[in-house]
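# Observations on the three-dimensional arrangement
Residues per chain are reported as follows:
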Amino acid sequence: MRTLETDVLVVGAGPAGLTAAALLARSGVDAITVTKYPTTAHTPRAHITNQRAMEVYRDLGIEDRVRSVATPGELMGDNVWATSFAGRELARMKAWGTRVDRKADYEAASPCAMGNVGQHLLEPVLLGAALDHGADIRFGTELLDITQDENAVHGTVRDRATGETYRVRAKYALGTDGGRSTVAERLGFTLEGETGLGHAVNVWLEADLTEYRAHRPGTLFFTIQPGKDFWLGAGTYICLKPWTEWVLIVMYDPAVEQLDLSEEAMLARVHATIGDPSVEVRIKDISQWQLNHVLATEYRKGRVFLAGDAAHRHPPANGLGTNTSVQDSYNLAWKIALAVSGKAGDGLLDSYHAERHPVGRQVVDRALASVGLVAGIPTVLGVRAGQSDEEGEAALAEFFSPGEVGRGRRRELQTLLRDNDHHFNAHGVELGQRYTSGAVVPDGTPEPAYLRDPELYHQPTTHPGASLPHAWLEHGGRRISTLDLAGNGGFALLTGIGGERWLEAAEALTAELGVAIVPRAVGHRLTYDDVYGDWSRLREIEDGGALLVRPDRHIAWRAQDMAADPVRTLRQVMRQLLDLR
């Protein structure tokens, strides 16, 4: 049996695996990515793409490609609850930062806008980026077994087309192989939480519903009908292509209902939730899935790391699944690149768990809590399990009645919809990650307190561990974001007027350590011109201070002003965060 030698074995080629493959290849890391599947995703699956994920794609140079296959943010905003598309509308709320009082929050936070893109459209773009950088990605190649010792990871894989079995020996491995992770199972990663909390069916279909959706454009349409008190009602539609392509999600309880998965039965459900039998429907795929609330206890065991659904599995509420997965890889890839090249110690790799595990915990808990929030809406409207059509219609009539009961229930609904901002406008959860680990060097200042709800609102800061705040600058006659000054696999050092010695220190340490630290002069009339003064208001340091920004655009360290010996200071910081003993 032949053995291939590589630096990194990536198992799984979903969003996390393809993102890791692209980033590793860009950094010149020798990696092999394997997946048992013959192609990228053939069904839509995850779809909400938030600003932080878009920022990762921006760094990879594919933001425009992702946007070209996505529904833009301005068409995502109207969440509607109705008896059917053609039936009575029951409630409507603005989502994903499109409400008037939230638009500025989202626009100020990032140069990137949200989009809605099915996984079947996203993965080919990620694959293209990986291949453009020379990644070795092997479809139809199944991991049979994986072990590790002190010196290497040993994977046994089989080419499903030829039947050939061979070994891959790597310095490190990434388990990005989804919710039934072979890597996690074979290497004994501990998972905590619950599975099977709910059962669902996805029906991918084509139907022209322009008449019912174009005037209230949005990603999600919840149908509420008597007897169906599930959190997604009688069925929820995800819009994939305005307004002709959709996924209908149907929840059911297998203890009381054995769902007929035939196309004929699902077609009847589709027509019942559309409410217009004249609409032509073509079903493209039917698939099943479960609600889980699971988190890996450890994201690292020896030379092996988990990312994406292999590490965290949760309901689709908040749209955090794929977004969190690609951010896992964005956090980890640069650390592995430095480790395999001998430019960082093992402690840098430990920072992956320290930084991303708390994010995973927040995400799985937030998603489950959001299920509870949206699940209350059918109840407020008077829908309950087992009721007849007549009872359901009477309950809805009472909701709209002029009496005190109807008035009270309408007030309750408005309160519940506002509470669902934690589900549909959780900007702080999407963008507000603040890391604490060995890869962040404290500056002696306390972390700034949150002035508003930290889940609803993103509060930018340059405190070490936070993500680099966005501000528009001018460079070479064009607009550029501060985020564009960092990333691309290297560190960046940002300083202002009078910070020349910091820039010289960055160049000196780049030569000394062999780790790129790109010097950036940012300020009034400097190379990156702070024409609006926005950066001066956000940076939280003096002109002569400095921000050291990691390849994943998180602040590694900052100096309030010029140091007595910038080279010595920066050397100490870099050696500490890179774990160079």
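Summarised in this report is the structure supplied together with it.

## Considering helix 9 (residues 321-340)
When the terminal C-alpha atoms of helix 9 are compared, their 29 Å separation across 20 residues agrees well with the 28 Å that a helix rising 1.5 Å per residue should span. Helix geometry: helix 9 is bent most strongly at Leu332, by close to 25°. When you tally the buried positions in helix 9, you get 19 out of 20 residues, the bulk of the element.

## Details of empty space enclosed by the protein
This structure, assessed with the given rule, holds eight cavities of 30 Å³ or more. There is about 130 Å³ of room inside the largest cavity. Of all elements in the fold, only helix 2 (51-59) and helix 9 reach the threshold of two or more residues within the lining of the largest cavity. In the lining of the largest cavity, the residues fall into three nonpolar, four polar and five charged. Each pocket or cavity is described by its volume, and for the second largest cavity that value is around 70 Å³. Every residue along the wall of the second largest cavity is listed here: Leu23, Leu24, Arg26, Ser27, Tyr330, Ala333, Trp334, Gly489, Pro551 and Asp552. Elements with a contribution of two residues or more to the lining of the second largest cavity: helix 1 (15-26) and helix 9. Of the residues in the lining of the second largest cavity, the class split is six nonpolar, two polar and two charged.

## Here we look at the packing of helix 10 (residues 346-380) against helix 12 (residues 404-419)
Between two packed helices, what matters for the description is the angle formed by their axes and the separation of those axes. Taken N-terminus to C-terminus, the directions of helix 10 and helix 12 make an angle of 165°; their axes are 9 Å apart at the nearest point. Considered as vectors, helix 10 and helix 12 are oriented roughly antiparallel to each other. Crossing angle aside, the handedness with which helix 10 passes helix 12 is left-handed. Along its contact with helix 10, which presents Leu373, Gly376, Ile377 and Val380, the element helix 12 presents Arg409, Glu412, Leu413, Leu416, Leu417 and Asp419.

## Observations regarding the pattern of salt bridges
Once their charged atoms are close, side chains differing in charge can pair, the charge on each being opposite to the other. For the structure on display, the rule yields 45 salt bridges. Between Glu89 and Arg216 there is a salt bridge; the shortest N-O distance is 2.7 Å. Here Glu89, found in strand 6 (residues 89-94), pairs with Arg216, found in the loop between helix 7 (210-213) and strand 13 (220-223); they are 127 residues apart in sequence, far enough to count as distant. By relative accessible area, Arg216 is classed as buried at 5%. In this structure, Arg300 engages Asp346 in a salt bridge whose closest nitrogen and oxygen atoms are separated by 2.6 Å. A residue pair is termed long-range when its members are at least 10 positions apart, and Arg300 in strand 17 (residues 300-301) and Asp346 in helix 10 qualify at 46 residues. The buried category is assigned to Arg300, whose relative accessible area is 14%. Classification of Asp346 by relative accessible area gives partly exposed; the value is 41%. Each of Asp78, Glu89, Arg92, Lys94 and Arg216 takes part in salt bridges that share partners, so that together they form one network.

## Things to note about the packing of aromatic side chains
When we look at a pair of aromatic rings, we describe it by the centre distance and by the angle of the planes. In the structure shown here, the tally under the stated rule is 14 aromatic pairs. Between the aromatic rings of Trp81 and Phe424, the centroid separation amounts to 6.5 Å while the plane-to-plane angle is 70°, which identifies the pairing as edge-to-face. Separated by 343 residues along the polypeptide, Trp81 in strand 5 (residues 78-82) and Phe424 in helix 13 (residues 421-424) bring together distant segments of the chain. Relative accessible area serves as the criterion here: at 1%, Trp81 is assigned to the buried category. Look at Trp502 and Trp557: their rings are 5.7 Å apart centre to centre, the planes differ by 65°, and that puts the pair in the edge-to-face class. Note that Trp502 is positioned in helix 15 (residues 500-513) and Trp557 in strand 26 (residues 555-559), a separation of 55 residues in sequence. The same class applies to Trp502 as to Trp557, namely buried. Joined through ring pairs, the aromatic side chains of Trp81, Trp96, Phe222 and Phe424 make up one cluster. Sitting over the ring of Tyr457, Arg452 keeps its end group 3.8 Å from the ring centre.

## Some details on the nonpolar core
What tends to happen in soluble globular proteins is that the nonpolar side chains get buried as a cluster. Core analysis: the largest hydrophobic core is formed by 68 residues, its most contacted members being Val8, Tyr57 and Ile336. Looking at this core element by element, the count peaks at eight residues for helix 9. Grouped together as the second largest cluster of nonpolar side chains are 32 residues, Ala200, Leu291, Leu381 and Leu416 included.

## Details of the environment of Ser536
Tracing the backbone shows Ser536 in helix 16 (residues 534-538). By relative accessible area, Ser536 is classed as partly exposed at 29%. Considering only alpha carbons, one finds Ser536 and His524, twelve residues apart in sequence, at a separation of 8.9 Å. Those residues within four positions of Ser536 in sequence are excluded, and the remaining contacts are His524 and Asp530.

## Remarks on helix 10
In this model, helix 10 (35 residues) spans 53 Å end to end at C-alpha, consistent with the 51 Å of a helix rising 1.5 Å per residue. Along helix 10, the sharpest kink reaches roughly 25°, centred on Arg356 and followed within four residues by the proline Pro358. One or two steps after helix 10, the chain reaches Gly382, where phi turns positive at roughly 100°.

Conventions we followed
Residues numbered from 1 in each chain as written. Predicted model: local features only at pLDDT ≥ 70, side-chain atom pairs only at ≥ 80, totals over all residues. Heavy atoms only, no water. Helix = DSSP H or I, 4+ residues; strand = E, 2+ residues; numbered from the N terminus. Expected span 1.5 Å × (residues − 1). Bend = angle between axes of the 7 residues up to and from the residue. Buried < 20%, exposed > 50% of the residue type's maximum accessible area, 1.4 Å probe, protein only. 1 Å grid on protein atoms, 1.4 Å probe; cavity = no way out; pocket = protein on both sides within 12 Å on 5 of 7 lines; lining within 4 Å. Points joined across faces, edges and corners; volume = space filled by probe spheres on them. Nonpolar A, V, L, I, M, F, W, Y, C, P; charged D, E, K, R; others polar. Axes fitted to C-alpha atoms, helices over the stretch in contact; angles between N-to-C directions. Parallel < 35°, antiparallel > 145°, perpendicular 65-115°, else oblique. Left-handed = near helix turned anticlockwise from the far one by under 90°. Contact = heavy atoms within 4.5 Å. Salt bridge = Lys/Arg side-chain N within 4 Å of Asp/Glu carboxyl O. Phe/Tyr/Trp six-rings, centres within 6.5 Å; stacked < 30°, edge-to-face > 60°. Lys NZ or Arg CZ within 6 Å of the ring centre and 35° of its normal. Core = buried A, V, L, I, M, F, W, Y, C linked by side-chain atoms within 4.5 Å.

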